[in-house]
Every structure is written in structure tokens, then in C-alpha cells.
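Structure at a glance
What follows is the residue order along each chain.
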Amino acid sequence: MDLLSFFPEWVMTHGAALLVVLPLLMGVVLAILPSEKLAWALAFIVALICSVLALGLVLQIFGGESLVYSMGGWDPPHGISYVVDALSAPVLLLISLMAVLCLLYAWPSVRAEVEPKKRAPFYAAFLVCMAGLLGMVVTGDAFNVFVFLEVSSISTYVLVGMGASRDRRALTASFNYLILGSIGATFFVVGLGFLFMETGTLNMADMARILRDLDGGSRVAQVAFAFIIIGLGLKLAMFPLHVWLPSAYAHSPSFVTAFLASTATKAALYLLLRFTFTIFDVNINYVGRAEMILLVGFGVAGMIFASLQAIFQTDARRTLAYSSVAQVGYMLLGIGLATAAGAAAGYLHLLNHAVIKGGLFICLGAMWYRFGITRISDFRGLSKTMPWTMGAFTISALSLIGVPFTAGFVSKVNLATAAANEGWWWAVGVIVITSILAIIYMGNILKEAYFKEPPVVNGAIVARNEAPLMMLIPMWALALASIAIGINSDLMVQAANGAAELLFPVTNALPGGVTP
Amino acid sequence: MNPHVILRVVSKFLIPLIALFAFYVQFHGDFGPGGGFQAGVILAAAVILYALIFGIDAAKKAVPPSAVRIGMSLGVLIYGGTGVATWLLGANFLEYGVLAHDPSHGQHYGILAVELGVLFSVASVMVAIFYAFGSRQPDLTDEDW
């Protein structure tokens, strides 16, 4: 790993803390800056530095080391420790990279969607949200997870509400999200309280050890597990608890939607993996049964019902939001298989879906930016009026459906293989059926864009009006990443295998890179 | 004749005492119960009482909203800045031991600095929340009391 030698030693030892502290403190500085341009530039630089840091951490992890950082010099289990390992490092890199790409896109889009006075605080809230998400993933202390969960959630409510200057419904969406998100966080912290009562510690590794010694613990631990699953389920939009998601995604500023869709639910899913596999153990009877029944049941129900709902939406952003709920179902199915291959496939889909959905929402935002459209029926002839944007959208859409040579295909094939290995042929069937449903709902949009002529306004056909370069760069970066993963998925599969190895002490859950 | 004369006189006595008590709680925090959060709320209560009795405009003159906004950020920066200082001194983030020659003194200074940050942030946020709600148009005029 030659790249690692570029990182100074200090940065590498303190990288885990710096990754959270930098956006948090800079977010606070941004809150009192008067200039929107300065705020954007600083936010962009912070995101860039975080990406480089996260890349350094990933390289270090795949060099075979894992990293434990003691906050304030108090060693675990007594102090708060930050842990970077094979499960958390790729998610850290994902969040920081998505922040960079979304910020590129933010430059034109925030100017169009947010009031001038609120733009600098908007970027401040964004950085705090990012710090919260990174903190949730990097921390090794269960209560610290709750703190960062709240940091990211509260700033997210603000970000969603900022959409009000474009669409007043953002306020009710934000309020709904606030109520449900707070209920989720409450459930989560109640669960943590019970878990603390059972184990007497808050350090995740220590909790895991004590629960293993207690052989799963008493009924208190069972209650704790139930509360934590419900709390996280609300945060990650598990099927019956997803009602906050569609309107939050549909009415918030498009930059926020792109960032949230690719990171917020993913960080919560990461926590679900962390709690169900490392703190609790699948070998514990009640955990195994809960995964089998709850996660798989709700995951599959979500895949089917949310896909069906996506078909009947008239607003493109709602279609994609319901599709997000369905995709979360795929990841839950992978996790619920409770095998190394299943968890690896779920994790792989987590990473891939972030790339795909981020790209799709950026494209939709660009279409709104140029023509002010979000209704599917208004997408007529977009392939002629915005060819480059529609091109990126099409690639990402194909990837979402799971066409060969795209990222979506790789994760769906791996998921189907993992299910088939367990003899769950019905799950393979569900994956195929929901992919067909995905063809229908994405096809609805593509059909309008490709097979209809551009509308006539004031007697003239709408002229070609391509999105600005700052929007084209991130959307094409994500679309090309999606193809690159589809052609050679070794890196992603390696990351997913590394994560699965940590959760299950076996090697190579997924057989190499599945290339069509 | 002002209808709230008793309230005005009593609160004029009380407000400085409340503020003083806030600082007592603040600096007592590292020996016993207390600390930045409680102190911040008490300090904000002094401002809020002033606003309730003398009107929100008078309170905004005494504690301007722009200062409140800076105070919110300043508190976090003091807290985080303590951590950055320990980084610059070559220790882990927020490892107070290095702030003085004797580690136990260092812990002491560190806690005081951090609690000061908490005081700033909590007091400012409390006042900011009150201003945000209080600045809306009143439904009840003073004559309807």
C-alpha cells in the first residue's frame, strides 16, 4: 500500500477522531459566516479532506490493521473509543465521497432552491449532519451512537425543512420526520438503557463479550433487542416504519435528498449490522428468530409493496423514494439470511445502492433546476432537451433495475446466490419479481423521456437546455462508477467480504467478483 | 400606573441573584452536582425572566440576537478548541492531562474549559429558542390581562 505513505503518521493515528471533529467544528464556524460562497468553499474543502482521511483509513484497514482510538486518553471499556474496522471503514469513505459529489451539485442547486439568507446556515447544518453520520459509523460506544444519531437527525430535520422556500410541503414533511425520527431515537435509547442494565457497560465490544458470556442474557436483553430493532427500523425506513421517507425525500431541497438517500439510511443499516451481528449474536436464539421472521418478513414485504407503490406515483421523486424503501428491503433480506454470504450481499447492496440512488436523485434535481418539473408526465422528450442528464439517469436507472454490466446486477446476483445457497428459492423469486416491478416504475419515466416529443410551449418546441457542468460532473461520476462496479466488482466484493469476515469468522463469503 | 409593579420590583432583585447562582453552579460543577448545562439553563432563565417582565424588545436590547447566535457557536468552539489544544500538545483528543504539568491539574483545567463552552452554548440556545417563540405576534394584548 504505497498510497499510505503519503499520509503523515499523526493524521493516521488520530484520523478516526479528526474525521468527526473536523466537520463538526467547521459546521459551527459556518453557522456564523455571512458569505454563502465562503461557506460553500469551506464545506467543500472539509468534505474533500474527510474523503482523503477516510481513504487513508480504508487503506490502513485493508492493510490488515484495525484501529481503536481512545477519546480523551481513557481506554475502553471505560472511555469512549472510536473503532475503524472492515465494517465501518467503507461506509465512512462512502459518506465522505457522497458529501463531496453532492456538494459539487449543491453549488448551482442550493442557489435555486434555498433563500439567500439561509444558505450559509444550510451548509453549516449539512456539515453537522455529515459529522453525525460519520460519528454514528466510527464510534465504538453504544451511547455515543445515540448522541450522533440525534446530531445527524436534528440537522436533517433542518435540512429537510429548508426546502420550504421551494415547496411549502417541506415543512410538514420535516415535522413528520421529526416526530417519527424522535420516536425512533427514543426506542433506540430505551433499548440501550435496558442493554446497559443487563451488561453494565456501554462499550460495544465489552457488551458483546458479556452477552456472549451470559448466553444471550435474560429477558431484559430480549426487550433491549426489540427496542433497538424498532428504533433502528424507523431510522432506516424498514417497510411498515417508512412513512416519513417518501415526503421527506420528495419535498426537501434536491441536494439534501441526494445526500440523504445515499448516506442516512445507509448509516442506520450499518448500525443494524453492528447491533445484530457483533453486539448480539445470531447464534442467540431470539436474535436468530427475530432476523428470520422480522427482518426477512418486513424486508420482503417492503420489496413487494413499496415497489408496487412506486409504480403508482405520479411524482418522480416519490417513485424513487418508494424504490428506496424497496431497496432497503433487499438489504434487510441479505442481513436476515444470517449467513456470511447474505450479510456480505446486503452490505454490497448498501454500497451500490448509495451510488445508484445518489446519481438518480442528482439527475432529478437537475431536471427541476432547468425546467421546474418533478411530475413524470412532464418528463416528455427529456432525452432531447437534456440528453446528457437523461443519459446519466438512464444508466443509473438500468443499474437500479439490475441490468448486467451495472452495479445493481452485481449486488442482486450475489443476494440471489446467497438466498439460493440457503435453499430459499422463494426469495430468489421475490428478487426477480421486484426487479420486474422496478422495470415498470423506472420504465414509466424512461418511456416518457424517450418515446414522446418535447412539449410545445408558446408555439415553439422546448429547446435543448442542458444542466450546468457542476451538476453533470457528479451525476456522470456516479453513473460511470455504477458501470465500473458492474464490469469489475472486485473492489466492492473485497470490501463486502472484509465486512462479512468481521461479522462471521469465515473467509470469502462471496465467490470473487461476479462478472457477467 | 403599571399593573406589574410588584413583579418588576421583585424580578429586578432576583435577576442578578439568578445570574450569580448560575455561576455558582457552573464553578461548583467539578466538585459536586452542577456544571455547564444546569448553569446555562439558569443563566438563560435570568434573561427569560427579564424578557417576560420587561418585554422581549428590552431583552433583545440587553442580549441582542446576533450575540446569541455567536454565543451558540462560541460554546461549541471552546469545547472543541480544548480538544484541538490537547491535539496540539501531542495527546489524544480531549485528553486534559497534558494541559498542565501535573496531569490532575490538567484534568481540572480541561473540565473547566469544556464546561465554560457548555455554559455558552446552552445559555445561548435556551435564549434563542425563547426569542424564536417570543418574537411571534402576541395573541393577547397587555390590556386583556
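1. Thoughts on the overall build of chain A
A tally of regular secondary structure across chain A gives 19 helices and 4 strands. Taking 24 Å as the expected radius of gyration for a compact globule of 516 residues, we find that chain A reaches 22 Å, a close match to that expectation. Each of the three principal axes of chain A carries a C-alpha extent, and together these read 75 × 55 × 45 Å. For chain A, the proportion of its 516 residues judged to be buried stands at 62%. Intrachain contacts of chain A at a sequence separation of at least 6 include 80% that bridge at least 24 residues.

2. Looking at the overall build of chain B
Helix and strand counts for chain B stand at 5 helices and 0 strands. Secondary structure of chain B in N-to-C order comes out as α-α-α-α-α. Its C-alpha atoms give chain B a radius of gyration of 19 Å, clearly above 15 Å, the size a compact globule of 145 residues would have. Dimensions of chain B, computed from the C-alpha atoms along their principal axes, are close to 65 × 25 × 20 Å. For chain B, with 145 residues in total, the buried portion stands at 33%. In chain B, the proportion of contacts linking residues at least 24 apart, taken out of those at least 6 apart, comes to 63%.

3. What to know about unusual backbone geometry
Residue and element names in this part refer to chain A. In the segment running from Pro76 into Pro77, the intervening peptide bond is cis, with an omega of 5 degrees. Residue position: Pro77 is located in the loop between strand S1 (67–70) and strand S2 (81–84). In this model, Ala338 sits at a positive phi of 55 degrees, which is unusual for a non-glycine residue. With respect to the helices and strands, the residue Ala338 is situated in the loop between helix H12 (316–336) and helix H13 (340–371). Positive phi outside glycine occurs at Phe405, with the angle close to 70 degrees. Along the chain, Phe405 falls in the loop between helix H15 (387–401) and helix H16 (407–421).

4. Structural notes on the confidence of the model for chain B
Scored by pLDDT, chain B comes out at a mean of 89, with 94% of its residues at no less than 70. Taken over the whole predicted complex, pTM reads 0.92, whereas the ipTM for its chain interfaces reads 0.88.

5. Description of the interface of chain B and chain A
Taken together, the 15 residues of chain B in the interface contact 13 residues of chain A. Split into classes, the residues belonging to the side of chain B that touches chain A amount to 8 nonpolar, 5 polar and 2 charged.

6. Description of the nonpolar core
Nonpolar side chains in soluble globular proteins generally cluster together in the buried interior. All names here are of chain A. Leu19, Ala43, Leu92, Ile95 and Leu127 are the most contacted members of the largest nonpolar core, which totals 245 residues. Top element by residues in this core is H13. It accounts for 20 residues. For Leu92, the contacting residues outside a window of four places in its chain are Leu19, Ala54, Leu57, Leu134, Val137 and Val138.

7. A few points about the environment of Leu97 of chain A
Relative to the elements of secondary structure, Leu97 of chain A occurs in helix H3 (residues 88–113). Put simply, Leu97 of chain A and Gly402 of chain A are 305 residues apart on the chain and 23 Å apart in space, counted from C-alpha to C-alpha.

8. Some details on the packing of H15 of chain A against helix H18 (residues 469–487) of chain A
All names here are of chain A. Orientation of H15 relative to H18, taken along the N-to-C sense of each, is 35 degrees, at an axis distance of 9 Å. Both H15 and H18 take part in a crossing whose hand is left-handed. Residues Trp388, Thr389, Ala392, Ile395, Ser396 and Ser399 of H15 form the contact with H18, whose own contacting residues are Leu472, Met475, Trp476, Leu478, Ala479, Ser482, Ile483 and Gly486. Of the residues in the contact of H15 with H18, the class split is 9 nonpolar, 5 polar and no charged.

9. Section: H15 of chain A
Residues and elements named next belong to chain A. The first and last C-alpha atoms of H15 sit 21 Å apart over 15 residues, in line with the 21 Å expected at 1.5 Å per residue. The element H15 is largely enclosed, with a buried count of 11 among its 15 residues. The complete set of buried residues in H15 reads Thr389, Met390, Ala392, Phe393, Ile395, Ser396, Ala397, Leu398, Ser399, Leu400 and Ile401. On its buried face, H15 is in contact with H12, H13, helix H14 (382–385), H16, helix H17 (425–451) and H18. Gly402, located one to two residues past H15, shows a positive phi value of around 105 degrees.

10. Here's the deal with the packing of helix H9 (residues 244–251) of chain A against H12 of chain A
Residues and elements named next belong to chain A. Running from amino to carboxyl end, H9 crosses H12 at an angle of 140 degrees, the nearest separation of the two axes being 8 Å. As the angle between them shows, H9 and H12 are arranged oblique. Between H9 and H12 the crossing geometry is right-handed. Contacts between H9 and H12 involve Leu245, Pro246, Tyr249 and Ala250 from the first element and Arg317, Arg318, Ala321, Tyr322, Ser324 and Val325 from the second. Looking at the contact of H9 with H12 residue by residue, the classes come out as 7 nonpolar, 1 polar and 2 charged.

11. Side note on the pairing of S2 of chain A
Looking down a regular strand, the side chains alternate between one sheet face and the other. Residues and elements named next belong to chain A. What you see with S2 is no split at all: Ser81 and Val83 on one side and Tyr82 and Val84 on the other are buried throughout. As paired strands, S1 and S2 are joined by 4 bridges and run antiparallel to one another. Paired with Leu67 across the bridge in S2 is Val84.

12. Some remarks on the environment of Glu115 of chain B
Residues and elements named next belong to chain B. Looking at the element boundaries, Glu115 is found in helix H5 (residues 103–134). In this structure Glu115 comes out as buried when scored by C-beta crowding, with 22 C-beta atoms within 10 Å. In the structure, Glu115 is positioned 71 residues away from Ala44 in sequence and 15 Å away in space, judged by C-alpha atoms. In contact with Glu115, other than residues within four places in its own chain, are Gln26, Gly29, Gly35 and Gly36.

Rules behind the numbers
Starting afresh in each chain, residues are numbered from 1 along the sequence in its written order. For naming, the first written chain is A and the first written ligand is 1, with later ones following in the order written. For a predicted model such as this one, the threshold for reporting local features is a pLDDT of at least 70, and the threshold for listing and counting side-chain atom pairs is 80 or more; totals across whole chains, interfaces and linings nevertheless cover every residue. Numbered from the N terminus, helices here are DSSP runs of H or I no shorter than four residues, and strands are runs of E no shorter than two. Radius of gyration: C-alpha atoms only; globule rule: 2.2 Å multiplied by the number of residues to the exponent 0.38. Burial in this document is a count-based property: other C-beta atoms within 10 Å of a residue's C-beta are tallied, and the residue is buried at 20 or more, exposed at 12 or fewer, or partly exposed in between, with C-beta positions derived from the backbone. C-beta atoms are first placed from the backbone for all residues, and any pair lying within 7 Å is then listed as a contact. pLDDT gives the predictor's per-residue confidence on a scale running from 0 to 100. All amino acids are sorted into three groups, where Ala, Val, Leu, Ile, Met, Phe, Trp, Tyr, Cys and Pro are nonpolar, Asp, Glu, Lys and Arg are charged, and the leftover types, Gly among them, are polar. Put simply, a nonpolar core is a cluster of buried Ala, Val, Leu, Ile, Met, Phe, Trp, Tyr and Cys residues tied together by C-beta atoms within 7 Å. Convention adopted: a line fitted to C-alpha atoms gives each axis, helices being fitted over their contacting stretch, and angles between N-to-C directions are expressed from 0 to 180 degrees. Helix crossings get a hand from a simple test, with the near helix turned counterclockwise from the far one by less than a right angle marking a left-handed crossing and a clockwise turn marking a right-handed one. Any helix carries an expected span of 1.5 Å times its number of residues minus one. Put simply, angles under 35 degrees are roughly parallel, angles over 145 are roughly antiparallel, angles from 65 to 115 are roughly perpendicular, and the rest are oblique. If DSSP finds at least two bridges between two strands, the strands pair.

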